[in-house]
Amino acid sequence: MSWHILGPGSLGCLWAARLSQAHIPASLILRNQHRLAALQRQGNQISYLAYGQSSPLDIAINAQLASHPQPIERLIVACKAYDAVAAVESVKTRLSSNSGVFLLQNGMGSQQAIAQLLPGIRVIAASSTEGAFLTQPFHCTHAGQGTTLLGDLVHTQPEPTCLRDWQQAQISYQWTDTILAALWRKLAINCLINPLTVLYQCKNGQLTQQTERLTALAHELAQLLSAAGYPCTAEDVFAQCLQVIQNTAQNTSSMLQDVLNQRRTEISYITGFALAQSQQLGTSHRALLDLHSQLQARLQQLGLPLD
Ligand code: NAD
Ligand code: KPL
């Protein structure tokens, strides 16, 4: 069984390094010839600092472009949510009804768009708590050991046997028949935490000072999740959020990291998606709209894209 990993960023390199290290055939799919040449200059190796280790390993890696003719059996999409649809489109003709597509994107919206783009192909969505970053292109640090919850996006089927490769590569994962519920719950947490960390320029833990705002948002998100078919109370959402804030108190949220690094955020797949769904389902969204608008205003001040 062979794996293709679309996007050589933090998670793409993390997955490629771990699969390759376990001698499981894996190829990175790069955006253009320029990126391919950059990897070649590095001896076709990823420098990989494994979790808890002090020195990196050089791991030989296969790489190719989207235009390569090899059929794709197992595709891991490791782009940002805003790039994921175009990236999948670029390899669509290489996929068949025997392929499996694994989506690592945060937030919601890109997964549904990709499932629509690939009728008849098994699309598996993930919610990952792994933490990785690149210090330079193809130099990956596994900074936080987490796990990845995986499940079918459309028709629930048994766990695919190819995930034995992940076990062999010591990639922690859990299979679920209810990935959509998990994505919605994670979306609610990301809507509560990520934008506020940008607005207050703070670590997750400091949001315990914002209980009034969090409470108002938790009410709206509970209404939204319930209307979307995942019943919960505002108290549940607030309690889960507080738990995550406490567990990740020292974290800089992914959205604040993007802002601090002058990178485009995934706002459209977090508050943007929640707001659009809330408008469509007719649930109250005053606090969510204020939050989204304030976040966009901050992004504009910083010269970053508003979507
Ligand atoms: P990243 O920006 O580090 O990597 C994305 C890579 O995809 C970049 O190298 C980009 O050039 C490449 N790319 C974009 N379009 C492409 C295309 N058409 N063809 C080939 N390559 C293309 O992003 P990341 O941090 O790895 O995050 C990926 C997703 O995983 C995001 O949705 C993120 O929220 C989520 N996530 C990340 C982490 C983490 O620790 N980094 C943890 C959990 C979830
Ligand atoms: O998922 C996260 C993120 O930063 O995107 C949380 C849970 C908020 C942890 O930082």
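Residues numbered from 1 in each chain as written. Chains lettered and ligands numbered in written order. Predicted model: local features only at pLDDT ≥ 70, side-chain atom pairs only at ≥ 80, totals over all residues. Heavy atoms only, no water.

- As recorded in an unreviewed UniProt entry, the protein chain goes by the name 2-dehydropantoate 2-reductase, listed as coming from Thiopseudomonas acetoxidans.
- In its Pathway (unreviewed entry) section, UniProt records this for the protein chain: "Cofactor biosynthesis; (R)-pantothenate biosynthesis; (R)-pantoate from 3-methyl-2-oxobutanoate: step 2/2."
- Per UniProt, the protein chain carries the Catalytic activity (unreviewed entry) text "(R)-pantoate + NADP(+) = 2-dehydropantoate + NADPH + H(+)". (UniProt positions renumbered as here; feature names shortened; annotations may be inferred.)

Digging into the sheet that holds strand β5 (residues 62-65)
Stage number 1. Here we have eight strands laid out as an open sheet, ordered β5-β2-β1-β6-β7-β8-β11-β12, and mixed in their pairing. In the strand order of this sheet, the two ends are held by β5 and β12 (173-175), each with one partner. Within the sheet, the average angular offset between the axes of one strand and its neighbour, ignoring direction, is 25°.
Stage number 2. Strand direction decides the pairing type here: strand β2 (residues 26-30) and β5, joined by four bridges, are parallel. Across the sheet, the residue bridging to L28 is A63, located in β5. (Pairing = 2+ DSSP bridges. Helix = DSSP H or I, 4+ residues; strand = E, 2+ residues; numbered from the N terminus. Axes fitted to C-alpha atoms, helices over the stretch in contact; angles between N-to-C directions.)

Focus on the packing of aromatic side chains
Two aromatic rings are characterised by how far apart their centres lie and by the angle between their planes.
Stage number 1. Taken as a whole, this structure holds seven aromatic pairs when the rule is applied.
Stage number 2. Between the aromatic rings of W15 and W166, the centroid separation amounts to 5.5 Å while the plane-to-plane angle is 65°, which identifies the pairing as edge-to-face. Linking W15 in helix α1 (residues 10-21) with W166 in helix α5 (residues 164-168), this pair joins segments that are 151 residues apart in sequence.
Stage number 3. Consider the rings of W166 and Y173, whose centres lie 6.0 Å apart with planes at 90°: the pair is edge-to-face.
Stage number 4. Take W166: its relative accessible area is 0%, and that puts it in the buried class.
Stage number 5. The class of Y173 is buried, set by a relative accessible area of 14%.
Stage number 6. Members of the aromatic cluster, connected to one another through ring pairs, are W3, W15, F102, W166 and Y173.
Stage number 7. Residue placement shows R18 over the ring face of W15; its charged tip is 4.6 Å from the ring centre.
Stage number 8. One residue, R264, lies across the ring of Y82, its end atom 4.1 Å from the ring centre. (Phe/Tyr/Trp six-rings, centres within 6.5 Å; stacked < 30°, edge-to-face > 60°. Buried < 20%, exposed > 50% of the residue type's maximum accessible area, 1.4 Å probe, protein only. Lys NZ or Arg CZ within 6 Å of the ring centre and 35° of its normal.)

Observations concerning the UniProt feature "domain: Ketopantoate reductase N-terminal" (unreviewed entry) in the protein chain
Stage number 1. Look at the UniProt record and you will see "domain: Ketopantoate reductase N-terminal" (unreviewed entry) annotated at residues 3-153.
Stage number 2. Taken end to end, residues 3-153 is 26% helix and 36% strand, and its two terminal C-alpha atoms sit 20 Å from one another.

What about the environment of M108?
Stage number 1. Counting through the fold element by element, M108 comes out in the loop between β7 (100-103) and α4 (110-117).
Stage number 2. Put simply, M108 and G272 are 164 residues apart on the chain and 9.4 Å apart in space, counted from C-alpha to C-alpha.

A word on the pairing of strand β9 (residues 131-136)
Stage number 1. The pairing of β9 with strand β10 (residues 139-144) spans five bridges and is antiparallel. Note that in β10 the partner of G131 across the bridge is G144.

Description of the nonpolar core
Nonpolar side chains in soluble globular proteins tend to end up buried together.
Stage number 1. One finds L6, L75, V77, V101, L118 and L221 to be the most contacted residues of the largest nonpolar core, which totals 63 residues.
Stage number 2. Per-element tally for this core: the top contributor is helix α6 (residues 179-199), with 13 residues.
Stage number 3. If we ignore the near neighbours within four places in the chain, the residues touching L6 are I29, L75, I76, V77, A78, C79, A87, V88 and V91.
Stage number 4. Core analysis: the next-biggest nonpolar cluster, separate from the first, contains 38 residues, L30, A50, I59 and A169 among them. (Core = buried A, V, L, I, M, F, W, Y, C linked by side-chain atoms within 4.5 Å. Contact = heavy atoms within 4.5 Å.)

What to know about the site of ligand 2
Stage number 1. Contacts to ligand 2 come from N106, K186, N190, I193, N194, N204, V244, N251, S253 and S254.
Stage number 2. For ligand 2, an oxygen atom lies 3.1 Å from a polar atom in the side chain of N194.
Stage number 3. With four residues, α6 is the single largest residue contributor to the shell around ligand 2.
Stage number 4. Along the lines of polarity and charge, the residues of the shell around ligand 2 split into two nonpolar, seven polar and one charged. (Near = heavy atom within 4 Å. Polar contact = N/O pair within 3.5 Å; in protein donor to acceptor, adjacent residues only side chain to side chain. Nonpolar A, V, L, I, M, F, W, Y, C, P; charged D, E, K, R; others polar.)

Things to note about the side chain of T148
Stage number 1. Inspection of the secondary structure puts T148 in strand β11 (residues 148-152).
Stage number 2. For T148, a relative accessible area of 0% puts it in the buried group.

Focus: the layout of surface pockets
Stage number 1. Roughly 230 Å³ of volume is contained in the second largest pocket.
Stage number 2. Along the wall of the second largest pocket there are 14 residues; nearest its centre are R18, Q21, Y48, A169 and Q170.
Stage number 3. A breakdown of the residues in the lining of the second largest pocket according to their chemical character gives five nonpolar, seven polar and two charged. (1 Å grid on protein atoms, 1.4 Å probe; cavity = no way out; pocket = protein on both sides within 12 Å on 5 of 7 lines; lining within 4 Å. Points joined across faces, edges and corners; volume = space filled by probe spheres on them.)

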